[in-house]
Amino acid sequence: MNKAIEIKRAEKTIGNSLEAKVTIFADKERLSLLQSYKDLLPALFIVSQSGTGDYTDAPEDAYRDEEVDGLAVVVEHAGGKKCLRCWNWSTTVGEFADAQEVCQRCYHVLSRIKKPAITYFIISLIVLILDQATKLIIVRYIHPYESIQILPFFRIVSVRNPGAAFGMFQGLGPLFFIIISFIAIGIISFMIIKGKGRGSG
Ligand SMILES: [Zn+2]
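A brief look at the structure comes next. What you see is a predicted model; the values in this text were computed from it and never measured.

Each value, and the rule that gives it
Here the residue index of a chain counts from 1 through its sequence in written order. Since the coordinates come from a predicted model, pLDDT governs what is reported: local features require at least 70, and pairs of side-chain atoms require 80 or more to be given and counted, while whole-chain, interface and lining totals use all residues. Two strands are said to pair when DSSP picks up at least two bridges between them. Elements are defined by DSSP. Helices are runs of H or I of four residues or more, strands are runs of E of two residues or more, and each kind is numbered from the N terminus. Think of it this way: build a C-beta for each residue from its backbone, and any pair within 7 Å is a contact. Inter-axis angles, ranging from 0 to 180 degrees, are taken between N-to-C directions of lines fitted to C-alpha atoms, where helices are fitted over the stretch in contact. Exposed residues have 12 or fewer other C-beta atoms within 10 Å of their own C-beta, buried residues have 20 or more, and residues in between are partly exposed; the C-beta atoms are placed from the backbone. As used here, the arc is the angular range of directions from the helix axis to the C-beta atoms.

**So, the sheet that holds strand β3 (residues 63-64)**
Phase 1: Spatially, β2-β1-β4-β3 is the arrangement adopted by the four strands of the open sheet, whose pairing is mixed. The outermost strands of the open sheet, each flanked by one partner alone, are β2 (49-54) and β3.
Phase 2: Sheet topology places strand β1 (residues 20-26) next to β2; six bridges connect them, and they run parallel. The residue of β2 that forms the bridge with T23 is G51.
Phase 3: Across the sheet, helix α1 (residues 2-10) touches β1, β3 and β4 (71-77), and the angle it forms with β4 is around 35°.

**A closer look at α1**
Phase 1: Burial in α1 covers these residues: A4, I5 and K8. Along the axis of α1, the buried positions cluster into a sector of 100°, meaning they face one direction only. Turned more than 90 degrees off the buried face of α1, the exposed positions are N2, K3, E6 and A10.
Phase 2: Against β1, β3 and β4 lie the buried residues of α1.
Phase 3: Count one or two residues on from α1 and you reach K12, which has phi positive near 65°.

Here it is in C-alpha cells:
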C-alpha cells in the first residue's frame, strides 16, 4: 500500500498521502475482510478516501505486489476539496453554509463544541430572570423583616442586603464592581482562548 502511494507521489499525481484515494481490489476471501473494516481503511492507510473492489475488476495499470497474489491497488487523487481543519479531502467540503471550509465530520465536531456554550447561556439567562423576578416580588409585596409562613417548617423572612456581595466588600462602592468586572473579563478571555485551542487541535 505505502509503495503504491509512494509511486504516485513520485509521479506528482498526489502531494501527500492525504490527497490520495486508494481502491483495493482483492480476491473473494480478502475482499469480505476489507469490507468489514471499510470505515477504518482511510485512517489505517492515512489517506482521505478508500474503496474496495473484486480482484477481477482491477484495471491493467493497478499496482500489484509480486509477492502477494490476488491483490491490486489503484491510487488516484481524492475527490472534493481539502478540509482546512483536518486536511482530509472530502466532497462534503463547502456543503455547510456557515462553515464552508470544513468537511462533514469536522462540521459535526465543531457544532458539538458550540452547542454547550449556547446551553450555558440559556441556563444563565433563566437563572438571572428567576433571580431578578423573585427579588422584585419580595421588594414589592413583603415589608422589611416581615415573616411569611409558607409551610409548617418553611417561612420567608425579608431582609435587605445593604452592600455588594452580602456585605463582604461594603464601603468599596464602585471600585468593587470595577475589580469584579476585570476578573470576569479575564476568566472569560482565558476560557475562550483555551476553548479555541481545543477546537482546532
Ligand atoms: Zn475535516
